Each structure stands twice: as C-alpha cells, then as structure tokens.
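Chain by chain, the residues:
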Amino acid sequence: MKKIVEKIAVAGVVKKNGKILIVQRGDSDEYLSGLWEVPGGKREPSEKTIDGCKREVEEETGIKVKVGDPIGIFEYKVEKSEQIREVTQINFLVKPIGKVEVKLSSEHKNFAWIKEDEIDNYNITKETKEIIKKAFKFFP
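This is a predicted model, so every value here is computed, not measured. Residue positions are counted from 1 within each chain, in the order its sequence is given. Side-chain atom pairs in this predicted model are given and counted only at pLDDT of 80 or more, local residue features only at pLDDT of at least 70, and totals for whole chains, interfaces and linings cover all residues. Note that the side-chain values use all heavy atoms of the structure and ignore hydrogens as well as water.

J.: Can you lay out the pattern of salt bridges for me, pointing to particular residues and giving the numbers?
T.: Any carboxyl oxygen of Asp or Glu that lies within 4 Å of a side-chain nitrogen of Lys or Arg is treated as forming a salt bridge with it. Taken as a whole, this structure holds twelve salt bridges when the rule is applied. For the salt bridge of E47 with R55, the shortest nitrogen-to-oxygen distance reads 2.8 Å. A single burial state applies to E47 and to R55, both of which are buried. Here K64 makes a salt bridge to E58, at a shortest N to O gap of 3.0 Å. Note on exposure labels: buried denotes an accessible area under 20% of the residue type's maximum, exposed denotes more than 50%, and partly exposed covers the range between, all computed with a 1.4 Å probe on protein chains only. A relative accessible area of 46% means that K64 is categorised as partly exposed. We classify E58 as partly exposed; its relative accessible area is 34%. Here the residues in one salt-bridge network are E44, E47, R55, E56 and E59, joined through shared partners.

Take a look at the structure:
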C-alpha cells in the first residue's frame, strides 16, 4: 500500500489591466505537464500560508505581490510510484507590487494574460477555471 502524504498548496490570482495571469507547466513535469494554472505551489513546513503564497508567486513569475483575501479552496490527488499526495490548494487574490514583468521559473514554459472570455482557449482544470472566473467578479 502506498503512503498517503497530505500537502497544502497556495496560489495567487494576479490581475493587471483587466487580465489574469496564467502559467503553463513544463513538458517534463510528471504531473499534468503542459497544463495552464495560476502561479503557486507547496507551502513549506512551518511557513505561514500568506508568506508561502507571496514566495510561490514571486518564485514562479518574478512578480512581488501583496496577498489579499482567499478566493477559493479545492482538493486534488497526485499519485506517484511511492506515494499518494492529497493536496488542499488555497487560492488568494493578490495585488502586484512595483513593476510587473513576468520572469518565469524553470517550472513553467509559458505565460499568458487572459480575459474572462479567453479561459476556454487554454487547457486548465475545471477547479482552476472556477477560481479564475470567480476572481474576475471580485476584481474591480
């Protein structure tokens, strides 16, 4: 029987000029390679959730952010050869601080700033699409 490991992931929904930033996972990623998502990742042990969101968004995009309200939570499983990861992802509205110039990490191969009516043009999970659509309603 595989070991079950629980993880918490954090993600930031970044908006600029009426568009939301999405990033595309690299082709070598063993889990959902090529999929589009909002920037985020695993919270580190003992790390505050808000700090993890700031860190992940900056690591993946080069954009410094101020973390706002949580916009939604969803869960997913990642099955690996030696374990099953049960992940709870907390998604936040985030506001860019300073210059907004995307510099992708090695984890991602592309990025796009999308309008609400462009969501279906990208391979995005149902859960992430719901978060993005919800974010468009919250942003002024």
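J.: Lay out the environment of E75 in plain terms, naming residues and giving numbers.
T.: Secondary structure elements follow DSSP: runs of H or I no shorter than four residues count as helices, runs of E no shorter than two count as strands, and numbering proceeds from the N terminus. If you trace the backbone, E75 turns up in strand β5 (residues 65-79). According to the relative accessible area criterion, E75 is exposed, its value standing at 60%. When the C-alpha positions of E75 and V87 are compared, they lie 5.6 Å apart, and in sequence the two are twelve residues distant. In this structure E75 touches V87 and T88, once residues within four positions along its chain are discounted. By the convention used here, residues are in contact when the closest approach between their heavy atoms is within 4.5 Å.

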